[in-house]
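Residue-level structure breakdown
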Amino acid sequence: MGSRKSVIKQTLRFGLGILVGVVIMVLVYLAIGKLSAKVFVGAAAGTVISVGNFFFMCVSLTNATESEIDATKAVAKARGGYMLRMLAIAALLIIAIKSGYCDVIATIVPLLLMRPVLMLEEFFVKNGDKK
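The present account deals with the structure reproduced in this document. (Residues numbered from 1 in each chain as written. Predicted model: local features only at pLDDT ≥ 70, side-chain atom pairs only at ≥ 80, totals over all residues. Heavy atoms only, no water.)

Observations regarding the side chain of S60
Filter applied, for reference: Segments assigned H or I by DSSP are reported as helices when at least four residues long, segments assigned E as strands when at least two residues long, and all are numbered from the N terminus. The contact criterion used is simple: two residues touch if any of their non-hydrogen atoms lie within 4.5 Å.
The topology assignment puts S60 in helix α2 (residues 37-67). What S60 contacts, discounting residues up to four positions off in sequence, is K77, A78 and G81.

Re the environment of D103
Quick note on the threshold: Polar contact is defined as a pair of N or O atoms within 3.5 Å, subject to the rule that within protein one atom must be able to donate a hydrogen and the other to accept it, and that residues adjacent in sequence are counted only when both atoms are side-chain atoms.
Of note, D103 is situated in the loop between α3 (71-98) and α4 (104-112). Sequence-wise, D103 and A37 are 66 residues apart; in three dimensions their C-alpha atoms are separated by 8.6 Å. Among residues more than four places away in sequence, those in contact with D103 are Y29, K38, V39 and G42. Within the local environment of D103, its side chain forms a polar contact with the side chain of Y29, the two groups lying 2.5 Å apart.

Some words on the pattern of salt bridges
Put simply, the test is: A pair is scored as a salt bridge if a Lys or Arg side-chain nitrogen falls within 4 Å of a carboxyl oxygen belonging to Asp or Glu. Partly exposed describes any residue whose relative accessible area lies between the buried limit of under 20% and the exposed limit of over 50%, with all areas from a 1.4 Å probe on protein chains only and scaled to the type maximum.
Per the stated rule, a full pass over the model turns up one salt bridge. A salt bridge links E121 to R13; its shortest N-O distance comes to 2.8 Å. Note that E121 is positioned in helix α5 (residues 114-124) and R13 in helix α1 (residues 2-31), a separation of 108 residues in sequence. Its relative accessible area of 17% is what places E121 among the buried residues.

Written out as structure tokens, the structure reads:
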């Protein structure tokens, strides 16, 4: 039960970081005069895909480490989860971009924000707060 709360807490913190980055991206689109409905739809789709990826990554890794005693099996389980997430991301991105309703850059930027958000979170979150 504690791991479930931890996953939700981490996902909410990550989602907030992605949202801040997306707001900055939308403001840049506004500043250059390219803001449109496609930007908002793309930003929303990219945000959902990025946060969903993070959530399922946390769940996958938690399940792999808690259910398996053997480290080799846990690694294999984590790799399987990774492959499924990457296939899902690719499929969702293709659908979103090919639909014509999403701005391509606005859809992809939230996915590119994952690493910077995680690095900033690591920098600002105290060691005791990571539970």
